[in-house]
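Below, each chain spelled out in residue letters.
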Amino acid sequence: MAYDPNNIFARILRGEIPCRKVYEDDYALAFYDINPQAPIHILVIPKGAYVSFDDFSRYAPDAEIIGFFRAAGQVARAAGAAEPGYRLLANHGPDSHQEVPHFHVHIFAGRKLGPLLAG
Ligand code: AMP
């Protein structure tokens with residue numbers, strides 16, 4: 001699947017639409033999900049143009065992968081979620097119900113999150 005440069009997260013990265021920013025560095029941007037599924041629900045996205053985890057894990061240079069995952073860990077710690085715990089989730093492709101075709105991880109925290117999969 002080709003990367004769509006007009007997907008909503010690409011537009012957030014370009015500053016064309018706003019987000020509630022949590023964190024930003026050279027590799028990643030983190031912001032609150034617009035439709036939170038937990039008391040803390042943050043999205044972390046790479047600055048580079050990758051459709052999904054499959055694309056990112058295949059083609060991103062090592063520095064981008066390392067920078068991205070270090071940023072995600074930092075965001076979760078800064079949100080106070082490291083001690084009680086959190087869930088990190090990435091959807092890839094139609095069976096996963098991925099909605100936005102720019103790689104992102106969800107960080108869910110702030111309550112007991114229950115079983116891994118529902119439905
Ligand atoms: P996924 O199903 O993994 O692709 O998740 C996409 C997520 O992006 C959903 O949880 C949406 O609520 C969230 N989302 C969509 N548009 C925005 C936006 N403009 N700002 C913040 N989160 C968004």
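This one's a predicted model, so the numbers in the text were calculated from it and none came from an experiment.

Turning our eyes to something else, we now look at the overall build of the protein. The helix and strand tally for the protein stands at 3 helices and 5 strands. Mapped from its N terminus to its C terminus, the protein presents α and β elements in the order α-β-β-β-α-α-β-β. Taking 119 residues into account, the globule formula puts the C-alpha radius of gyration at 14 Å, and the protein, at 14 Å, falls close to it. In terms of principal-axis extent, the alpha carbons of the protein reach across some 35 × 35 × 30 Å. Counting the 119 residues in the protein, one finds 38% classified as buried.

Below, the discussion takes up the packing of aromatic side chains. In the structure shown here, the tally under the stated rule is 8 aromatic pairs. For the pair F56 and F69, a centre-to-centre distance of 6.3 Å together with 55 degrees between the ring planes defines the contact as tilted. Within this pair, whereas F56 is found in helix α2 (residues 53-59), its partner F69 is found in helix α3 (residues 62-78), the two being separated by 13 residues in sequence. Assessed through its relative accessible area of 1%, F56 is described here as buried. In this structure F69 comes out as partly exposed when scored by relative accessible area, which is 32%. Aromatic ring contacts, followed pair by pair, group Y50, F53, F56, F68, F69 and F103 into a single cluster.

Turning to unusual backbone geometry, a few remarks are in order. Even without a glycine there, the phi angle at H97 is positive, about 70 degrees. Position of H97 relative to the elements: it lies in the loop between β4 (86-89) and β5 (105-109). On the accessibility criterion, H97 (58% relative accessible area) is exposed.

Once that is clear, we can look at the sheet that holds strand β1 (residues 21-24). As summarised here, the arrangement of the 5 strands in space is β1-β2-β3-β5-β4, forming an open sheet in which the pairing is antiparallel. Each end of this open sheet is capped by a strand with a single partner; those strands are β1 and β4. Neighbouring strand axes in the sheet, compared pairwise and without regard to direction, differ in orientation by 20 degrees on average. Sheet topology note: the β1/strand β2 (residues 28-32) ladder contains 3 bridges and is antiparallel. Its bridge partner lying in β2, E24 is registered against L29. Sheet strands in contact with α3 are β1, β2, β3 (40-46), β4 and β5, and its direction is about 160 degrees off that of β3.

This brings us to the side chain of H41. Mapped onto the elements, H41 comes out in strand β3. Within the structure, the side chain of H41 is placed 3.0 Å from the backbone nitrogen of Q37, a separation counted as a polar contact.

Cut-offs and rules
Within any chain, residue numbers begin from 1 and follow the written order of that chain's sequence. For this predicted model, a pLDDT threshold of at least 70 governs which residues receive local features, and a threshold of 80 or more governs which side-chain atom pairs are given and counted, while totals over whole chains, interfaces and linings are taken from all residues. Excluded from the side-chain calculation are hydrogens and water; included are all heavy atoms of the structure. Comment: elements are numbered from the N terminus, with helices defined as DSSP H or I runs of at least four residues and strands as E runs of at least two. In this description the radius of gyration comes from C-alpha coordinates, and the expected globular size is given by 2.2 Å times residues to the power 0.38. A 1.4 Å probe rolled over the protein chains alone gives each residue an accessible area, and that area as a share of the maximum for its type sets the label: buried under 20%, exposed over 50%, partly exposed in between. Aromatic pairs are defined between Phe, Tyr and Trp rings, using the six-membered ring for Trp, whenever the two ring centres lie within 6.5 Å; interplanar angles under 30 degrees are classed as stacked, those over 60 as edge-to-face, and all others as tilted. Any two strands with at least two DSSP-identified bridges between them are counted as paired. A fitted line through C-alpha atoms represents every axis, and for helices the fit uses only the stretch in contact; the resulting angles, taken between N-to-C directions, go from 0 to 180 degrees. Contacts: residue pairs with any heavy atoms within 4.5 Å of one another. Here a polar contact means two N or O atoms within 3.5 Å. Within protein one must be a hydrogen donor candidate and the other an acceptor candidate, and residues neighboring in sequence count only if both atoms are side-chain atoms.

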